[in-house]
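Reading the structure
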Amino acid sequence: MASAFSFDIVSDFDRQELVNAIDQTMREVQSRYDLKDTNTTLELGESAITVNTDSEFTLQAVHTILQTKAAKRNLSLKIFDYGKIEPASGNRVRQEIKLQKGISAELGKQISKLIRDEFKKVQASIQGDAVRVSAKSKDELQAVIQRLKQEDYPAALQFTNYR
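The following paragraphs examine the structure supplied in this document.

Strand order across the open sheet formed by four strands is 6-7-1-8, with antiparallel pairing between neighbours. The outermost strands of the open sheet, each flanked by one partner alone, are strand 6 (123-127) and strand 8 (158-160). Pairwise comparison of adjacent strand axes, ignoring direction, gives a mean angle of 25° for this sheet. One ladder, built from three bridges, connects strand 1 (residues 5-10) with strand 8; its direction is antiparallel. Across the sheet, I9 pairs through a bridge with F159, a residue of strand 8. In the packing of helix 3 (residues 105-118) onto the sheet, contacts are made with strand 1, strand 6 and strand 7 (130-135), and the angle to strand 6 comes to roughly 170°.

What the rule picks out here adds up to three aromatic pairs. Where F7 meets F159, the ring centres are 5.8 Å apart and the plane angle is 75°; that geometry is what we call edge-to-face. On the criterion of sequence distance, the pair formed by F7 in strand 1 and F159 in strand 8 is long-range, its members being 152 residues apart. Since its relative accessible area comes to 25%, F159 is described here as partly exposed. Among the aromatic residues, those joined into a cluster by ring pairs are F7, F159 and Y162. In this structure, K101 is placed above the aromatic ring of F13, and the distance from its NZ or CZ to the ring centre is 5.3 Å.

Quick look at unusual backbone geometry now. Despite not being glycine, N74 has its phi angle at roughly 60°, a positive value. Positionally, N74 belongs in the loop between helix 2 (56-72) and strand 4 (80-88). In this structure N74 comes out as exposed when scored by relative accessible area, which is 73%. With phi around 55°, N161 is a residue other than glycine that occupies positive phi space. Along the chain, N161 falls in the segment after strand 8.

Further remarks concern helix 3. For helix 3, which comprises 14 residues, the first-to-last C-alpha distance of 20 Å matches the rise-based estimate of 20 Å (1.5 Å per residue) to within 8%. Inspection of helix 3 places L107, G108, I111, S112, L114 and I115 among the buried residues, and these make up the whole buried set. Taken end-on, helix 3 shows its buried residues confined to a sector of 155°, consistent with a single buried face. Exposed positions of helix 3 whose direction lies more than 90 degrees from the buried face are A105, E106 and K109. Those residues of helix 3 that are buried are in contact with strand 1, strand 6, strand 7 and helix 4 (138-150).

Procedures and definitions
Residues numbered from 1 in each chain as written. Predicted model: local features only at pLDDT ≥ 70, side-chain atom pairs only at ≥ 80, totals over all residues. Heavy atoms only, no water. Pairing = 2+ DSSP bridges. Helix = DSSP H or I, 4+ residues; strand = E, 2+ residues; numbered from the N terminus. Axes fitted to C-alpha atoms, helices over the stretch in contact; angles between N-to-C directions. Contact = heavy atoms within 4.5 Å. Phe/Tyr/Trp six-rings, centres within 6.5 Å; stacked < 30°, edge-to-face > 60°. Buried < 20%, exposed > 50% of the residue type's maximum accessible area, 1.4 Å probe, protein only. Lys NZ or Arg CZ within 6 Å of the ring centre and 35° of its normal. Expected span 1.5 Å × (residues − 1). Arc of directions from axis to C-beta.

And the structure:
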């Protein structure tokens, strides 16, 4: 058995599921009695969602709805990075929610250090915004996946390209 097995650790999300969650959020905001007349808008950009509404109270309600809809669509809530609430024109408030995608260099170093320290027969290498983990045994790789699922990292981790 000369071949090595590997998988990638990535932090990503399904953009279409996010589009659907935002669409459902807008529908609920427009139909809910307490939010109907707030003229709330959610705009999905390339790397952020901009929420524009009439008060901080309705902004918190929109957050709750968005988080509920995202969770129902199997999107991790760790992809949302809430920016500061800023005043907008016409006595309204605006907030930008950045979408976190990819593993930062610092988090990649943390993950590879944990793997090096706890699993002697496994190699981890940082490749851009992903971490490639390889070993001669699939059992070792399964143990690494189970160990990483126990940790609470600031990014949502997925395990892809398992071969």
